[in-house]
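Structure at a glance
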Amino acid sequence: MTWLHVERSDSPLILAFPHGGTDIPPALLPDFRSRWWAIRDADWHIRALYDGLADATMIWTDVSRSVIDCNRDPSGASLYPGQATTGLCPTETFDGEPLYHDGATPDVAARRETWFAPYHAAIKAEIARLRALHPRVVLYDCHSIRSRIPRLFDGELPELNIGTDNGKTCDPALSDAVVAQCASRSHVLNGRFRGGWTTRHYGQPETGVHAIQMEIAMRAYLTEPTGEPDESNWPPVWDPDYAAPLRADLASVLAAALSFAKDQA
């Protein structure tokens, strides 16, 4: 599968990237209003942000989240009942703009089988492989989002948004260790983003699998434009120097996660 990637390590840490892709299969592209609208809400430069920061297995998809969102409940149930969000096969952008031409609708079942199922089969297989080597495994789900999206949240999002579904998906020692490494930046634990389907589905501390999501406001590592982005200024360019301070902080976060995973006391 050319769109699905797994880079293996034997350390007890997995980094998953469900939203970094921008590929749209040519057969699906005519249904979208524009390719730019269909990729605008990607987690831009997210793998570059984490590249080389920790000894970890990395799992990612090249497919755009507008085709299939691999971090949503496959049944279609909302992760945040009563709040605005996007679905398994989104039909609108984060700002509520329609993604599809009138009359065009996604074949949810086909997309779920083609992309969602293989992505999660890969995660499940890597968890099983690493649990055979380690009593504890940490699944760290990597995300980023624009700092201001009025439809989804009020005001400006904290830079670092840690999600454990209100403590259900990991031992408190892991979330405490991660939060401690975020102290120099605006941050919140289980705020607007408590963890998506990946974190909630795989996080089973009683079985030795601890899951945590990190949602990063993009201003922490990219130069975001003022106001709503357009095709002239979005996505921001990747600037390693601008991102370097956050990369240093994230290296400490991942080191804390690895330390927790390796601690058998």
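Residues numbered from 1 in each chain as written. Predicted model: local features only at pLDDT ≥ 70, side-chain atom pairs only at ≥ 80, totals over all residues. Heavy atoms only, no water.

Quick word on the overall build of the chain
If you tally the helices and strands in the chain, you get 6 helices and 7 strands. Ordered by position in the sequence, the α and β elements of the chain form the string β-β-α-α-β-α-β-β-α-β-α-β-α. Whereas a compact globule of 265 residues would reach a radius of gyration of roughly 18 Å, the chain reaches 18 Å, a difference of no more than 12%. C-alpha extents for the chain along the principal axes are approximately 60 × 40 × 35 Å. Each of the 265 residues in the chain was classed as buried or not, and the buried ones make up 52%. Entry remark: accessible area of the chain is about 11100 Å², with carbon and sulfur atoms responsible for 51%. In the chain, 24 positive and 35 negative side-chain charges are present, and the distance between their average locations comes to 4 Å. (Helix = DSSP H or I, 4+ residues; strand = E, 2+ residues; numbered from the N terminus. Rg over C-alpha atoms; globule rule 2.2 N^0.38 Å. Buried < 20%, exposed > 50% of the residue type's maximum accessible area, 1.4 Å probe, protein only. Areas by Shrake-Rupley, 256 points an atom, 1.4 Å probe, with all protein chains shown as cover. Lys, Arg positive; Asp, Glu negative; His and termini not counted. Charge placed at Lys NZ, Arg CZ, Asp CG, Glu CD.)

Overview of the nonpolar core
Leu 15, Tyr 50, Tyr 140, Met 214 and Ile 216 are the most contacted members of the largest nonpolar core, which has 82 residues in total. With 9 residues, helix H6 (residues 240–262) is the single largest residue contributor to this core. Among residues more than four places away in sequence, those in contact with Leu 15 are Tyr 50, Ala 56, Thr 57, Met 58, Ile 59, Tyr 140, Cys 142 and Leu 254. (Core = buried A, V, L, I, M, F, W, Y, C linked by side-chain atoms within 4.5 Å. Contact = heavy atoms within 4.5 Å.)

Focus: the pattern of salt bridges
Throughout the structure, instances matching the rule amount to 18 salt bridges. With a shortest N-O distance of 3.9 Å, Glu 97 and Arg 33 are connected by a salt bridge. One end of the pair, Glu 97, is in the loop between strand S3 (57–61) and helix H3 (108–131); the other, Arg 33, is in the loop between strand S2 (13–17) and helix H1 (35–39), with 64 residues separating them in the sequence. For Glu 97, a relative accessible area of 30% gives the class partly exposed. Overall, Arg 33 belongs to the partly exposed group, its relative accessible area being 35%. Between Arg 65 and Asp 69 there is a salt bridge, and its shortest N-O distance comes to 3.2 Å. We note that Arg 65, like Asp 69, is buried. One network of salt bridges, in which partners are shared, links Arg 40, Asp 41, Asp 95, Arg 146 and Glu 228. (Salt bridge = Lys/Arg side-chain N within 4 Å of Asp/Glu carboxyl O.)

A short note on helix H4 (residues 172–180)
Among the residues making up H4, those that are buried are Leu 174, Ser 175 and Val 178. The arc that holds the buried residues of H4, viewed along the axis, is 90°, so those residues lie on one side. Where the residues of H4 are buried, they touch strand S4 (137–145), strand S5 (160–163), strand S6 (187–189), strand S7 (209–217) and H6. Between a side-chain oxygen at the N-terminus of H4 and the backbone nitrogen of Ala 173 the separation is 2.7 Å; the capping residue is Asp 171. (Arc of directions from axis to C-beta. Polar contact = N/O pair within 3.5 Å; in protein donor to acceptor, adjacent residues only side chain to side chain.)

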